[in-house]
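Commentary on secondary and tertiary structure
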Amino acid sequence: MKIGLVGLGRMGGAMARRILSSGQGLAVFDRDPGQTAPLEPLGAEVAPDLAGLAKGMDVVISMLPSDDVLEGVVNGPGGLAECLSTNSIHMVSGTHGVEAMARVARAHAAADQILVACTVLGRPDRAASGQLGLIPGGPKSAVARLAPVLAVLGATIFDPGEDPLSSVAVKIANNFVLGCAIEAMGEGMALVRSYGVDPNLFYQILTEGLFDCVAYKSYGDVIAKEDWGRVGAAATIGLKDADLAMEAAARTHVPLPSGNVWRDHLISAIGRGEGALDWAVMAREQFRASALES
């Protein structure tokens with residue numbers, strides 16, 4: 001299978017390294033040459049542009065930071081809708097909005113290309129070890145064609161159905177629940193701190209009891225230690241996720257009241273210049289609101 005990958009940030013770069021380590025060939029492209037340079041010694045073919053990346057590919061994977069970048073990659077001059085071969089697959093793995101994904105789906109359909117929205121669950125370290133959760137939404141025949149790639153990248157594959165928007169909705173909902181969990185942990189930590197309790201004790205109680213899971217263990221530890229610089233996803237990315245959740249909810253008239261608190265705390269943290277810190281820094285806003293920090 002001929003595989004291309006565009007978008008080589010922390011997650012995309014980890015996915016590229018994983019594919020290369022499996023022995024499969026890979027062509028890569030990023031607007032920043034500094035992102036492609038480390039992959040060339042590992043065996044990656046560096047494409048000069050999107051057209052060069054798309055040429056002859058069975059699948060092009062994109063891991064892009066925003067809806068605007070995704071739509072530019074698909075619909076811009078020399079983009080995938082123009083250059084990807086008929087019946088080739090665009091596997092969109094970034095987190096994008098439902099409206100943007102619907103527009104991308106229409107563009108690929110008009111060009112007789114196939115869109116599979118394969119959103120991912122996990123941080124870059126899990127991508128590097130092939131332990132991602134994968135949610136491939138698209139035609140069953142196309143998902144079956146992607147099996148060799150999915151097997152390399154993921155430990156668990158969830159089937160959301162044949163509508164790419166289903167995958168998008170699942171990823172957005174997952175991030176929504178995670179964001180609200182981080183918000184709730186911050187509020188709980190603020191409460192125990194106000195009574196002079198060591199937040200590390202509360203963290204131990206959470207993670208050895210009802211909430212013995214990766215999300216509470218990883219983000220709870222960041223909050224208890226106030227280790228905001230241990231970045232998994234930056235606060236700016238968290239705000240993007242919050243905005244996507246509210247957009248998706250508005251599209252189907254679903255109220256998400258917890259999302260407003262989550263989003264407001266992220267906005268406040270970013271407004272204080274903390275946008276590059278881990279998105280768990282939203283808990284710090286709760287500490288400030290509780291007069292535990294200035």
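Up top is the structure.
My aim in this report is to walk through the structure given alongside it, one point at a time. (Residues numbered from 1 in each chain as written. Predicted model: local features only at pLDDT ≥ 70, side-chain atom pairs only at ≥ 80, totals over all residues. Heavy atoms only, no water.)

This part is about the overall build of the protein chain. Each helix and strand in the protein chain was counted, giving 15 helices and 8 strands. Overall, the C-alpha framework of the protein chain stretches about 65 × 45 × 35 Å when taken along its three principal axes. Expressed as a percentage of the 294 residues in the protein chain, the buried residues total 51%. In the protein chain, the proportion of contacts linking residues at least 24 apart, taken out of those at least 6 apart, comes to 65%. Of the roughly 12,700 Å² that the protein chain leaves accessible, carbon and sulfur atoms contribute 56%. (Helix = DSSP H or I, 4+ residues; strand = E, 2+ residues; numbered from the N terminus. Buried < 20%, exposed > 50% of the residue type's maximum accessible area, 1.4 Å probe, protein only. Contact = heavy atoms within 4.5 Å. Areas by Shrake-Rupley, 256 points an atom, 1.4 Å probe, with all protein chains shown as cover.)

Our focus in this paragraph is the packing of helix 14 (residues 257-271) against helix 15 (residues 282-289). Following both chains from N to C, one finds helix 14 and helix 15 inclined at 90°, their axes separated by 8 Å at the closest point. Taken as axis vectors, helix 14 and helix 15 run roughly perpendicular relative to one another. In this structure, helix 14 uses Trp-262, His-265, Leu-266, Ser-268 and Ala-269 to contact helix 15, whose residues at the interface are Met-282, Glu-285 and Gln-286. Classifying every residue of the contact of helix 14 with helix 15 gives 4 nonpolar, 3 polar and 1 charged. (Axes fitted to C-alpha atoms, helices over the stretch in contact; angles between N-to-C directions. Parallel < 35°, antiparallel > 145°, perpendicular 65-115°, else oblique. Nonpolar A, V, L, I, M, F, W, Y, C, P; charged D, E, K, R; others polar.)

Our next topic: the environment of Ala-100. With respect to the secondary-structure elements, Ala-100 resides in helix 6 (residues 98-110). When its relative accessible area of 1% is taken as the criterion, Ala-100 is described as buried. As a C-alpha pair, Ala-100 and Asp-68 span 32 residues in sequence and 8.2 Å in three-dimensional space. Look past the residues within four positions of Ala-100 in its chain and what remains in contact with it is Asp-67 and Glu-71.

With that settled, the discussion passes to the packing of helix 10 (residues 164-194) against helix 15. Helices that pack against each other are described as a pair by the angle of their axes relative to one another and the distance between those axes. Helix 15 packs onto helix 10 with a crossing angle of 35° between their chain directions and a minimal axis gap of 8 Å. For the pair helix 10 and helix 15, the crossing hand works out as right-handed. Along the contact surface, helix 10 presents Gly-179, Ile-182, Glu-183, Gly-186, Glu-187, Met-189, Ala-190 and Arg-193, while helix 15 presents Met-282, Ala-283, Gln-286 and Phe-287. For the contact of helix 10 with helix 15, the per-class residue count stands at 6 nonpolar, 3 polar and 3 charged. (Left-handed = near helix turned anticlockwise from the far one by under 90°.)

Attention now goes to the nonpolar core. The biggest cluster of nonpolar side chains holds 59 residues, and the ones touching the most others in it are Val-6, Leu-53, Ile-182, Ile-223, Trp-228, Trp-262 and Trp-279. Looking at this core, the element that brings in the most residues is helix 10, giving 11 residues. Apart from the residues lying within four places of it in its own chain, the contact partners of Leu-53 are Gly-4, Leu-5, Val-6, Ala-27, Val-28, Phe-29, Ala-47 and Val-60. In this structure, Ile-3, Ile-89, Ala-127 and Leu-146 belong to the second largest nonpolar core, which totals 32 residues. (Core = buried A, V, L, I, M, F, W, Y, C linked by side-chain atoms within 4.5 Å.)

This part takes up the environment of Arg-18. Within the secondary structure, Arg-18 is located in helix 1 (residues 10-21). For the pair Arg-18 and Arg-126, spaced 108 residues apart in sequence, the C-alpha to C-alpha distance is 9.9 Å. Ignoring anything within four residues of it in the chain, the contact list for Arg-18 reads Ala-127, Ala-128, Ser-129, Gly-130, Val-152 and Leu-153.

A positive phi angle, near 55°, is found at Asp-112, a position not held by glycine. Structurally, Asp-112 is set in the loop between helix 6 and strand 6 (114-121). Positive phi outside glycine occurs at Glu-226, with the angle close to 55°. Taking the relative accessible area as the measure of exposure, Glu-226 reaches 31% and is therefore partly exposed.

Moving on, we come to a nonpolar patch on the surface. A surface patch of nonpolar side chains, about 520 Å² in accessible area, is lined by Leu-191, Tyr-195, Val-197, Leu-201 and Ile-205. Relative to the assigned elements, Leu-201 resides in helix 11 (residues 199-207). A relative accessible area of 41% places Leu-201 in the partly exposed class. (Patch = residues over 30% accessible without salt bridge, like charges linked within 9 Å, V, L, I, M, F, W, Y side chains within 5 Å. Salt bridge = Lys/Arg side-chain N within 4 Å of Asp/Glu carboxyl O.)

A separate point is the sheet that holds strand 2 (residues 27-29). Strand order in the open sheet made by the 8 strands is 3-2-1-4-5-6-7-8, with mixed pairing throughout. Only two strands of the sheet have a single partner each, and these edge strands are strand 3 (45-46) and strand 8 (154-157). Of the pairings in the sheet, the one linking strand 1 (residues 3-6) to strand 2 comprises 3 bridges and is parallel in character. Within strand 2, the residue paired with Leu-5 across the bridge is Val-28. Running over the sheet, helix 1 touches strand 1, strand 4 (59-62), strand 6 and strand 7 (132-137) and is turned about 160° from strand 1. Contacting strand 5 (89-92) and strand 6, helix 6 runs over the sheet at an angle of about 145° to strand 6. (Pairing = 2+ DSSP bridges.)

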